Amino acid sequence: MISGWTQRIVTLLIATSFLVACSDEVVNPPKELDDIEEKFSIESAWVEVIGDGDDGKFNSLIPAIWEDKVITADVKGLISAFDLKTGDLIWETQLKEPLSGGVTANAGLVAVGTKDAKVHVLDINDGKKLWHVDVTTEVLAKPAIDDGRLVVRTPDGRIFAYSLATQKQEWFYDRIIPNLTLRGTSAPVATSGIVISGFANGKMAAFNIRTGDLLWEQRISAPRGSSEISRIVDVDSSPVIYSNYLYAAGFNGYAIAMDLTNGRYLWREETSVTQELLVDATRVYLVETTGKIVALDRFTGEQVWSQEGLLYRKPTGAADNEDYIVVGDFEGYLHWLDKSTGEFVARTHLDRYGVAHAPIVTDEHIIATTRYGYLHVMENPIASSSEE
């Protein structure tokens, strides 16, 4: 039997396919890349095949970094740990279950969700399977581990919290979701005793991680338009906590900054975002659904710059690389942009399969996976240049 939330997604996909089939022309062709003057070069450290990719479809199997390890997952259930510096395989575990949620690594544990409505917990040192929990639907977002608890968000509007000590469910929250939603789920963010997540009704909510009590709730997106598709207001990107403030954005809605303690707005700006946000000391960087990249002032929400060089190239969310941000695109390129101006300053091509998620930046490396199961690890060009 098909669950209600699955029916909603199928309906949306059918409707979207019909709209595309009604025209033989590409409505929004991807922008061709302009030549740029590169300020630095990007050197590959190592590349590994990490299992089966997703044939270019939806991919949320984002790797995790823990100390000197990079933990990866593929769609058929293979979990692998590699030495971040050398690329040597440390361990691998085959769960023999289709995976759909990204990898979380924290507190000496690895957690990953499956299409069969489970979350598996492994030992981060050797990959040994420790325990698992059953939830209500497939898990599309990576779980959170904090304050002795595993927190899982499912696409049917539920949040589950389990004790790491007893593996027992401590609380859950249930939210009614709209008829149509995007295929994706806002990953829960847990910090300082609070769990925060976005929902398909366009709202963001905060909970006490120990009790599940609702602390506050705010609307990020509001329905607009006359059709069901135009009124989708899903919040798929995960919130970002910086200092005492929370930053978030929704599809067909707004980017917002709010006080973490009471949920009151600092500012709100109209936009449409499904990719992850990036926040630094002065700015918030958004990748809009059109592919336009926008930098907003962190304190006022005013636009500092915008960059349209990646329009309709399906850019990923942005990663922080000191004075630059890094984004990937559907043709397998990584692009570096100047934080102050938005200008392109460097570019490298990984492979032709397309970058699956926002790059991960460490002091020494840039990590990205592509959609057919390749893990690319590059030398951090900023770290290299600072050593010279």
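If you check an unreviewed UniProt entry, the chain appears there as Outer membrane protein assembly factor BamB from Kangiella aquimarina. The UniProt entry for the chain carries the following text under Subcellular location (unreviewed entry): "Cell outer membrane".

Next up on the list: the sheet that holds strand S5 (residues 89-94). Read from one edge to the other, the open sheet built from 4 strands follows the order S2-S3-S4-S5, with strand pairing classed as antiparallel. Each having just a single partner strand, strand S2 (64-66) and S5 make up the two edges of the open sheet. Strand-to-strand twist across the sheet, computed as the mean angle between neighbouring axes with direction ignored, equals 20°. Strand direction decides the pairing type here: strand S3 (residues 69-73) and strand S4 (residues 78-83), joined by 5 bridges, are antiparallel. Paired with Thr72 across the two strands is Ser80, which belongs to S4.

Right, let's talk about the environment of Leu311 for a bit. Within the element layout of this structure, Leu311 appears in the loop between strand S25 (303-307) and strand S26 (319-321). We classify Leu311 as buried; its relative accessible area is 18%. The contacts of Leu311, once residues within four sequence positions are left out, are Pro29, Pro30, Lys31, Thr290, Gly291 and Lys292.

Before going further, it helps to examine the sheet that holds strand S6 (residues 104-106). Taking strand neighbours across the sheet as the criterion, the 4 strands line up as S6-S7-S8-S9 in an open arrangement whose pairing is antiparallel. A strand with exactly one partner marks an edge of an open sheet, and here the two such strands are S6 and strand S9 (129-134). Strand-to-strand, the axes of this sheet are offset by a mean angle of 20°, without reference to chain direction. Relative to S9, strand S8 (residues 118-123) runs antiparallel, the two being bridged by 5 bridges.

Applying the stated criterion across every chain yields a total of 11 aromatic pairs. Taken together, a centroid distance of 6.3 Å and an interplanar angle of 15° make the contact between Phe160 and Tyr162 stacked. Summarising the burial analysis for this pair, Phe160 and Tyr162 share the class buried. A centroid spacing of 5.9 Å and a plane angle of 20° characterise the contact between Phe160 and Phe172, whose relative ring orientation is stacked. Here Phe160, found in strand S12 (residues 158-163), pairs with Phe172, found in strand S13 (residues 169-174); they are 12 residues apart in sequence, far enough to count as distant. For Phe172, a relative accessible area of 46% puts it in the partly exposed group. For the cation-ring pair, Arg268 lies above Tyr254, with the distance from its terminal atom to the ring centre recorded as 4.1 Å. Of note, Arg347 hangs over the ring of Phe344, and the distance from its end group to the ring centre comes to 5.9 Å.

Together, Glu43, Glu322, Asp323, Asp363, Glu364 and Glu379 line one region of the surface with negative charge. Structurally, Glu322 is set in the loop between S26 and strand S27 (324-328).

Take the pairing of S13 next. The side chains of a regular strand alternate, first on one face of the sheet and then on the other. Taken together, the 5 bridges between S12 and S13 define a ladder with antiparallel strand orientation. Within S13, the position partnered with Arg158 by the bridge is Asp174. Connecting the antiparallel pair S12 and S13 is a turn made up of 5 residues, with Gln167 showing a positive phi of about 60°.

Taken as a whole, the chain shows an average pLDDT of 85; of its residues, 83% reach a score of 70 or greater. Low pLDDT (under 50) marks residues 1-25, which in the prediction has 20 contacts with non-local residues, meaning those over four places away or in another chain.

Here Ala73 shows up in strand S3. Take Ala73: its relative accessible area is 6%, and that puts it in the buried class. Considered as a pair, Ala73 and Glu92 are 19 residues apart in the sequence and their alpha carbons are 9.6 Å apart.

Time to look at the side chain of Ser163. Checked against the element boundaries, Ser163 lands in strand S12. Given a relative accessible area of 8%, Ser163 falls into the buried group. For Ser163, the side chain forms a polar contact with the main-chain nitrogen of Ala165, separated by 3.2 Å. Ser163 has contacts with Trp131, Gly148, Lys168 and Glu170, leaving out every residue within four places of it along the chain.

Now for the pairing of strand S21 (residues 265-271). As judged from the 6 bridges shared by strand S20 (residues 253-259) and S21, these two strands associate in the antiparallel manner. In the sheet register, Gly253 faces S21, and the bridge partner there is Thr271. The turn linking S20 back onto S21 is made up of 5 residues, and Gly263 within it adopts a positive phi angle of 75°.

Applying the stated criterion across every chain yields a total of 11 salt bridges. Taking the shortest distance from any N to any O, the salt bridge between Asp147 and Arg149 comes out at 3.8 Å. We classify Asp147 as partly exposed; its relative accessible area is 30%. For Glu331, the salt bridge is made with Arg313, and the minimal N-O distance between the two is 2.6 Å. Of this pair, Glu331 sits in the loop between S27 and strand S28 (333-338) while Arg313 sits in the loop between S25 and S26; the two residues are 18 residues apart in sequence, bridging distant segments of the chain. For Arg313, a relative accessible area of 2% corresponds to the buried category.

Reading the values: rules and limits
- Residues numbered from 1 in each chain as written.
- Predicted model: local features only at pLDDT ≥ 70, side-chain atom pairs only at ≥ 80, totals over all residues.
- Heavy atoms only, no water.
- UniProt positions renumbered as here; feature names shortened; annotations may be inferred.
- Pairing = 2+ DSSP bridges.
- Helix = DSSP H or I, 4+ residues; strand = E, 2+ residues; numbered from the N terminus.
- Axes fitted to C-alpha atoms, helices over the stretch in contact; angles between N-to-C directions.
- Buried < 20%, exposed > 50% of the residue type's maximum accessible area, 1.4 Å probe, protein only.
- Contact = heavy atoms within 4.5 Å.
- Phe/Tyr/Trp six-rings, centres within 6.5 Å; stacked < 30°, edge-to-face > 60°.
- Lys NZ or Arg CZ within 6 Å of the ring centre and 35° of its normal.
- Patch = residues over 30% accessible without salt bridge, like charges linked within 9 Å, V, L, I, M, F, W, Y side chains within 5 Å.
- Areas by Shrake-Rupley, 256 points an atom, 1.4 Å probe, with all protein chains shown as cover.
- Salt bridge = Lys/Arg side-chain N within 4 Å of Asp/Glu carboxyl O.
- Lys, Arg positive; Asp, Glu negative; His and termini not counted.
- Charge placed at Lys NZ, Arg CZ, Asp CG, Glu CD.
- pLDDT = per-residue confidence, 0-100.
- Polar contact = N/O pair within 3.5 Å; in protein donor to acceptor, adjacent residues only side chain to side chain.

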